[in-house]
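# Topology and contacts: notes
In case you want the letters, here they are:
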2 protein chains.
Amino acid sequence: MNEFNVIDKYFIDRQTQRRDVLLSIGDDCALVKAPENTAIAISTDTLVAGTHFIADAKPAWIAHKALASNLSDLAAMGATPSWVSLALTLPKIDEHWLAEFCDAFYDLADYYGVQLIGGDTTKGPLSITLTVQGFVPEHRALARSGAKVGDWIYVTGNLGDSKAGLDVVLDSATRSRPYSKELEERHYLATPRILAGQALLPIASAAVDISDGLISDLKHILKRSNVGARVDVDLLPTSPELREFLADRQLSKQYALSSGEEYELCFTVSEENRGALDSALAHCGATYTRIGQIRSGNTLELQSNGKPVDWQLEGFDHFEEQVV
Amino acid sequence: MNEFNVIDKYFIDRQTQRRDVLLSIGDDCALVKAPENTAIAISTDTLVAGTHFIADAKPAWIAHKALASNLSDLAAMGATPSWVSLALTLPKIDEHWLAEFCDAFYDLADYYGVQLIGGDTTKGPLSITLTVQGFVPEHRALARSGAKVGDWIYVTGNLGDSKAGLDVVLDSATRSRPYSKELEERHYLATPRILAGQALLPIASAAVDISDGLISDLKHILKRSNVGARVDVDLLPTSPELREFLADRQLSKQYALSSGEEYELCFTVSEENRGALDSALAHCGATYTRIGQIRSGNTLELQSNGKPVDWQLEGFDHFEEQVV
């Protein structure tokens with residue numbers, strides 16, 4: 001089986017054709033058409049075996065993680081996903097691996113109505129690069145730069161589970177702890193907050209998805225918006241499973257602050273718009289929690305019981321901290 | 001230096017902002033806007049060290065090859081390039097390497113007016129994945145599927161140089177042959193035929209860029225157009241440098257047929273449109289040569305002096321034939 005057979009077998013005619021895809025896989029380029037009065041949101045993410053996942057992780061989990069992490073970037077802009085390109089580098093052609101990878105990939109893509117429009121399959125060390133695209137109303141995307149002094153800071157869902165799941169992946173001794181299996185799955189099978197992002201479009205002043213860790217990602221908002229923030233670590237939402245797994249309340253909070261690859265949204269909302277949050281997010285199935293407030297200055301202060309905390313924590317950075 | 005410092009130093013504010021880029025590098029997504037009444041052409045290509053180039057090749061050559069090969073897919077559709085996303089996976093942060101890579105990348109991008117709008121930098125085995133986008137008038141792209149029986153088959157430029165250049169890269173014994181240095185450069189520094197592709201938009205019935213080898217790529221046209229072809233190998237254009245390097249006329253023709261990564265265009269033109277070719281291509285600086293004709297049936301026949309030739313040749317396939 002060569003490159004072209006792989007493309008024919010696994011990547012052609014697997015999905016319903018979107019009407020805005022004029023030409024899909026099989027030519028030099030795909031041809032697509034964007035709706036009028038919309039901007040196109042584009043994001044690219046690479047997952048490399050040994051850096052972002054272990055090479056023998058389930059192919060279905062790798063596929064889900066790759067696409068979910070990329071869709072999460074669209075969610076953070078409030079965009080509606082439309083197209084995705086897949087660059088898949090494989091050490092060899094393993095049909096069992098490919099079949100499982102593709103089934104999971106199309107499951108998630110179909111759920112969000114995203115069509116695979118092209119890509120490249122090459123030989124080399126296992127890695128996956130996706131470029132996803134979606135639509136946002138012109139001049140209305142959720143950028144990182146819109147946070148204002150006084151805005152409240154929120155996150156969707158719970159934080160910390162992904163880092164605990166990574167512990168399970170990397171250290172087999174942790175498998176005996178409570179909920180290790182659930183947390184491992186949570187690490188790979190995050191839900192991109194597409195619906196929440198769309199609902200937040202008219203409400204939030206800034207948003208980011210939590211891929212590097214809450215501290216790092218919130219700092220992106222602060223830097224781009226030229227503001228500071230105070231976060232109350234006692235308010236950080238964590239799952240009961242995480243708290244049982246770690247059996248340490250303070251450590252749970254530290255996990256919530258630094259856990260990367262959560263794919264929850266962190267967003268800011270003005271006092272004026274707070275009231276609209278409930279009805280906007282109620283239909284999305286996304287819980288949300290207020291964790292702090294935007295302030296003047298350019299520092300991020302962590303507080304507990306009204307006193308500053310000074311834990312040693314780093315945002316997740318693939319160059320400073322190799323995962324595996 | 002971490003991932004974010006790399007992005008700030010090498011990828012921010014390096015180019016003139018296009019007016020259709022509403023938000024560039026630095027947020028969760030880029031935001032762009034396509035002109036009305038155009039389709040967007042999108043192509044993704046991956047280059048992996050050890051498969052598509054040797055890891056210690058000049059960073060400037062790697063950058064050029066990566067971007068040129070991807071722009072070449074736009075050229076084959078007749079598209080006007082606009083935006084590019086870069087996923088760069090590096091084993092370590094080597095500032096000298098990055099500086100040289102980026103200079104060459106922006107040189108070529110600026111030449112074609114393509115803006116880098118985003119991407120991802122990750123740690124892992126060296127590889128580069130680019131997603132380029134461009135515009136074509138709606139319902140007017142040069143697809144692979146439009147070739148008709150009787151159409152003439154053309155190629156731009158000369159063929160075979162890239163394969164000879166690869167010989168030089170892989171076998172140091174060939175360095176003593178004439179023009180080895182020029183051919184090595186030609187392998188890395190191909191010119192994407194953007195202007196020729198645009199000029200061919202109203203004239204050609206089908207087009208493909210020669211990335212896998214003339215035979216393989218012409219077969220893509222034949223398969224998608226459901227036709228056959230006869231190619232006269234005596235007509236294949238080769239450079240004087242190639243002929244001197246190989247010192248064998250028949251071998252030169254075989255190189256022309258199978259050389260991958262040429263990034264010349266192969267295209268078909270009806271008898272009716274032949275006359276328009278000269279004036280359309282004259283201003284592009286691209287020479288072109290008629291090499292055969294589309295026929296009924298579904299076979300590709302190679303002919304020399306009116307007789308069939310039956311050389312053993314394979315199109316270039318990264319899974320069947322590892323380059324290095």
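In this text the structure is predicted, and so the values were computed from the model without any measurement. (Residues numbered from 1 in each chain as written. Chains lettered and ligands numbered in written order. Predicted model: local features only at pLDDT ≥ 70, side-chain atom pairs only at ≥ 80, totals over all residues. Heavy atoms only, no water.)

### Thoughts on the sheet that holds strand E9 (residues 228-232) of chain B
Residues and elements named next belong to chain B. Note the cut-off: When DSSP locates at least two bridges between a pair of strands, those strands are taken to pair. Here a helix means four or more residues in a row that DSSP labels H or I, a strand means two or more in a row labelled E, and each is numbered from the N terminus.
Across the sheet, seven strands lie side by side as E8-E10-E7-E11-E9-E12-E13; this open sheet has mixed pairing. Each of the sheet's edge strands pairs with one partner strand only, and the pair in question is strand E8 (204-209) and strand E13 (307-308). The pairing of strand E7 (residues 152-156) with strand E11 (residues 288-295) spans five bridges and is classified as antiparallel. Each residue of the ladder has a partner; that of Ile153, found in E11, is Gly292.

### Section: the packing of helix H2 (residues 59-77) of chain B against helix H5 (residues 180-188) of chain B
All names here are of chain B. Threshold: All axes are obtained by fitting lines to C-alpha atoms, using only the stretch in contact for helices, and the reported angles, taken between N-to-C directions, cover 0 to 180 degrees. Throughout this description, any angle smaller than 35 degrees is read as roughly parallel, any larger than 145 degrees as roughly antiparallel, any in the 65 to 115 degree range as roughly perpendicular, and the remainder as oblique. Pairs of residues are marked as contacts when any of their non-hydrogen atoms sit within 4.5 Å. When residues are sorted by character, Ala, Val, Leu, Ile, Met, Phe, Trp, Tyr, Cys and Pro go into the nonpolar class, Asp, Glu, Lys and Arg into the charged class, and all the rest, Gly among them, into the polar class.
Viewed as axis vectors pointing N to C, H2 and H5 meet at an angle of 50°, and their least axial separation amounts to 8 Å. By the angle class used here, H2 and H5 are oblique. Contacts from Trp61, His64 and Lys65 of H2 reach H5 at Glu184, Glu185, His187 and Tyr188. For the contact of H2 with H5, a count of residues per class yields two nonpolar, two polar and three charged.

### Topic: helix H4 (residues 161-170) of chain A
All names here are of chain A. What counts here: Remark: exposure states derive from per-residue accessible area (1.4 Å probe, protein chains only) relative to the maximum for the residue type, with buried under 20%, exposed over 50%, and partly exposed in between.
Among the ten residues that make up H4, seven are buried, leaving the element largely enclosed by the rest of the structure. The complete set of buried residues in H4 reads Asp161, Ser162, Ala164, Gly165, Leu166, Val168 and Val169. Of the surrounding elements, those touching the buried residues of H4 are helix H5 (180-188), helix H8 (240-246) and helix H9 (249-258).

### Observations regarding the sheet that holds strand E1 (residues 21-23) of chain B
The six strands are arranged E5(A)-E4(A)-E6(A)-E3(A)-E2(B)-E1(B) in an open sheet whose pairing can be described as mixed. With partners counted over all chains shown, the strands left at the sheet margins are strand E5 (115-123) of chain A together with E1 of chain B, one partner each. If you compare each strand with its neighbour and ignore which way they point, the axes differ by 20° on average. On top of the sheet, helix H3 (residues 95-112) of chain A reaches strand E4 (80-90), E5 and strand E6 (127-137) of chain A; it is set at about 170° to E4 of chain A, its chief contact.

### Things to note about the relation of the copies chain B and chain A
One chain copy maps onto the other through a rotation about an axis and a shift parallel to that axis. Worth spelling out the cut-off: Least squares is the method for superposing the copies, and the C-alpha atoms it fits come from residues with pLDDT of at least 70 in both.
Relative to chain A, chain B is turned by 180° and slid 0.0 Å along the rotation axis, the superposed coordinates differing by an RMSD of 0.0 Å. Both copies are brought into coincidence by an operation consistent with a two-fold rotation axis. Same-surface contact between copies: 100% of interface residues of chain B are shared with the interface of chain A.

### Remarks on the UniProt feature "binding site: Mg(2+) 1" (unreviewed entry) in chain A
Spelled out, the test is: UniProt positions are given in the numbering used here, feature names are shortened, and annotations may be inferred rather than shown by experiment.
Within this structure's numbering, the places UniProt gives as "binding site: Mg(2+) 1" (unreviewed entry) are Thr44, Asp45 and Asp120 of chain A. Within the secondary structure, Thr44 of chain A is located in strand E3 (residues 38-48). Here Thr44 of chain A falls in the buried class, since its relative accessible area comes to 6%. The residues contacting Thr44 of chain A, other than those within four sequence positions of it, are Asn70, Thr129, Leu130 and Thr131 of chain A together with Ser85, Ala87, Gly119 and Asp120 of chain B.

### Observations regarding the environment of Val208 of chain A
Residues and elements named next belong to chain A. Among the structural elements, Val208 can be located in strand E8 (residues 204-209). For Val208, a relative accessible area of 0% gives the class buried. On a C-alpha basis, the gap between Val208 and Thr268 in space is 9.4 Å, while along the polypeptide they are 60 residues apart.

### Thoughts on the domain arrangement of chain A
Interface size, as often reported, equals the accessible area lost upon joining of the parts. Residues and elements named next belong to chain A. Threshold: How far each domain reaches was decided by an automatic or database domain assignment. When two components associate, each loses some accessible surface as probed by a 1.4 Å sphere; the sum of these losses over both components is called the buried area. One speaks of a salt bridge when a side-chain nitrogen belonging to Lys or Arg is within 4 Å of a carboxyl oxygen belonging to Asp or Glu.
Each assigned domain of chain A is listed with its residue range as follows: domain 1 (3-137) and domain 2 (152-308). When each unit is reduced to the centre of its C-alpha atoms, the spacing between domain 1 and domain 2 is 26 Å. With 22 residues of domain 1 at the contact, the number on the domain 2 side is 21 residues. In total, domain 1 and domain 2 occlude about 1,800 Å² of area from one another, counting both sides; carbon and sulfur atoms represent 66% of this. Where domain 1 packs against domain 2, one counts one salt bridge. Between Lys65 and Glu261 there is a salt bridge, and its shortest N-O distance comes to 3.1 Å.

### Overview of H5 of chain A
Turning to H5 of chain A, its buried residues number three or more, namely Ser180, Leu183, Glu184, Arg186, His187 and Tyr188 of chain A. If you follow the buried residues of H5 of chain A, they end up packed against helix H2 (59-77), H4 and H8 of chain A.

### Focus on the environment of Leu98 of chain B
Residue and element names in this part refer to chain B. Here Leu98 is to be found in helix H3 (residues 95-111). Residue Leu98 is classed as buried on the basis of its relative accessible area of 0%. Distance from Leu98 to Ala60, taken between C-alpha atoms, is 9.2 Å for residues 38 residues apart in sequence.

### A short note on the pattern of salt bridges
On inspection of all chains with the given rule, the structure shows 28 salt bridges over all chains. For Glu262 of chain A, the salt bridge goes to Arg186 of chain A, with nearest N and O atoms at 3.1 Å. Of the two residues, Glu262 of chain A is situated in the loop between H9 and strand E10 (265-269) and Arg186 of chain A in helix H5; the sequence distance between them amounts to 76 residues. Like Glu262 of chain A, the residue Arg186 of chain A is buried in the burial classification. With its nearest N and O atoms 3.2 Å apart, the salt bridge here joins Glu184 of chain B to Arg175 of chain B. Among the residues examined, Glu184 of chain B registers a relative accessible area of 12% and is labelled buried.

### Here's the deal with the interface of chain B and chain A
Going by this rule: Identification of polar contacts relies on pairs of N or O atoms within 3.5 Å, with a donor-acceptor requirement for protein atoms, meaning one able to donate a hydrogen and the other able to accept it, and with residues adjacent in sequence counted only if both atoms are side-chain atoms.
With 68 residues of chain B in contact, the opposing surface of chain A contributes 69 residues. When chain B packs against chain A, close to 5,500 Å² is buried across both sides, 57% of that on carbon and sulfur atoms. Put simply, chain B and chain A have six salt bridges between them. One salt bridge connects Arg144 of chain B with Asp27 of chain A, and the closest N-O pair in it is separated by 3.7 Å. If you look at where chain B meets chain A, you find 16 residue pairs in polar contact (both at pLDDT 80 or more). Taken together, the residues of the side of chain B that touches chain A break down into 29 nonpolar, 22 polar and 17 charged. As defined by bridge partners, E3 of chain A adjoins strand E2 (residues 30-32) of chain B across three bridges and the pair is classed as antiparallel. Looking at the pairing, Ile42 of chain A lines up with Ala30 of chain B of E2 of chain B.

### Structural notes on the pairing of strand E12 (residues 300-304) of chain A
Sheet faces and side chains relate simply in a regular strand, where the side chains alternate between the two faces. Residues and elements named next belong to chain A. Both strand E9 (residues 228-232) and E12 contribute to a ladder of four bridges, which runs parallel. Note on E12: the bridge partner recorded for Val231 is Leu302. Of the strand pairs in this sheet, E12 and strand E13 (residues 307-308) are connected by two bridges, and their pairing is antiparallel. Counted as the bridge partner of Ser304 is Lys307 from E13. Here E12 folds back onto E13, and the loop between the two strands holds two residues, one of which, Asn305, carries a positive phi near 50°.

### Regarding the side chain of Thr174 of chain A
Tracing the sequence through the fold places Thr174 of chain A in the loop between H4 and H5. Leave out the neighbours within four places in its chain, and Thr174 of chain A touches Asp167, Val168, Ser180 and Phe245 of chain A.

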